[in-house]
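Analysis of the macromolecular model
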Amino acid sequence: DPNQGHIGGAYWDLDGTDEGIDCYDMNEETGTLAFWMKSTFSGSSSYPFGKQKGTETLAMSMHSANSPSHSGDFWVRNTAGGSSSVQTNAALNDGVWHQVVAMWGVGGLKIYVDGEFNEGDTTFTGHGNAASGDSNFGLGCILQSGGPGYECPGQFATLMVWSSQLTSKEIK
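Report on the accompanying structure.

Parameters and conventions
- Residues numbered from 1 in each chain as written.
- Predicted model: local features only at pLDDT ≥ 70, side-chain atom pairs only at ≥ 80, totals over all residues.
- Heavy atoms only, no water.
- Pairing = 2+ DSSP bridges.
- Helix = DSSP H or I, 4+ residues; strand = E, 2+ residues; numbered from the N terminus.
- Axes fitted to C-alpha atoms, helices over the stretch in contact; angles between N-to-C directions.
- Buried < 20%, exposed > 50% of the residue type's maximum accessible area, 1.4 Å probe, protein only.
- Core = buried A, V, L, I, M, F, W, Y, C linked by side-chain atoms within 4.5 Å.
- Contact = heavy atoms within 4.5 Å.

Here's the deal with the sheet that holds strand β10 (residues 116-121)
Read across the sheet, six strands follow the order β1-β14-β3-β8-β9-β10 without closing on themselves; strand pairing throughout is antiparallel. The sheet is open, and its two edges are formed by β1 (12-14) and β10, each paired on a single side. This sheet shows a mean twist of 25° between the axes of neighbouring strands, independent of strand direction. Two strands pair when backbone bridges link them, and β1 and strand β14 (residues 154-162) are joined in this way by three bridges, in the antiparallel orientation. Bridge pairing links aspartate 13 to glutamine 155 in β14.

Here we look at the pairing of strand β4 (residues 45-53)
Across a regular strand the side chains alternate sides, sitting on one face of the sheet and then on the other. Extensive coverage of β4 is indicated by the burial of seven of its nine residues. Pairing analysis gives two bridges linking β4 to strand β11 (residues 137-139), with the strands arranged antiparallel. Residue pairing for β11: phenylalanine 49 is matched across the bridge by leucine 139.

A short note on the nonpolar core
Residues Phe35, Phe49, Phe74, Val100, Leu139 and Phe156 are the most contacted members of the largest nonpolar core, which totals 25 residues. Sorting the residues of this core by element identifies β2 (21-24), β3 (31-38), β5 (56-63), β6 (72-77), β8 (98-104), β9 (109-113) and β11 as the ones contributing at least two each. Those residues within four positions of phenylalanine 49 in sequence are excluded, and the remaining contacts are Leu33, Phe35, Ala59, Met60, Phe74, Ala102, Phe137, Gly138, Leu139, Gly140, Cys141 and Ile142. Grouped together as the second largest cluster of nonpolar side chains are six residues, Met103, Tyr112, Leu166 and Ile171 included.

As for the environment of glycine 140
With respect to the secondary-structure elements, glycine 140 resides in the loop between β11 and β12 (142-144). Given the relative accessible area of 0%, glycine 140 is considered buried. Remark: the alpha-carbon pair of glycine 140 and glycine 154, spanning 14 residues in sequence, is separated by 7.7 Å. Beyond its immediate stretch of four places on either side in the chain, glycine 140 contacts Leu14, Glu19, Tyr47, Pro48, Phe49, Tyr150, Glu151, Cys152 and Phe156.

Written out as structure tokens, the structure reads:
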């Protein structure tokens, strides 16, 4: 039951004030990130994962339970001002465990929630250079050159990263 307990063994329980998980320097132009999350918060928005180097960003923002959809946006922005985003159809900030799978690169941006394809954008096939560079990738926050920011309260488990985009069959 996704409303009870936790997924599998250990998970990280973050309070959303000064915590985040420093994953590593994910220097991939194409990639897939998958994790489980459970969150409720009352602020305007929060960031379950991200990386920022200057104005270049690869991140996911999540809207509060006070918004009508409390969905998530997976987005990328590059130094030239180009950007793209895809939005989840499913509510993420509802206190229930969800599997989130986000992909970027040559196939564009794609996001899946609980094994179901939510949205894709094949017109923006870059990563905004944010996936490379001197800033590490953060889970439960956006990691910037100066440290974590935009922390997300919630529980996170089973983080997986690939240097390619998975197929829908591999996600299910």
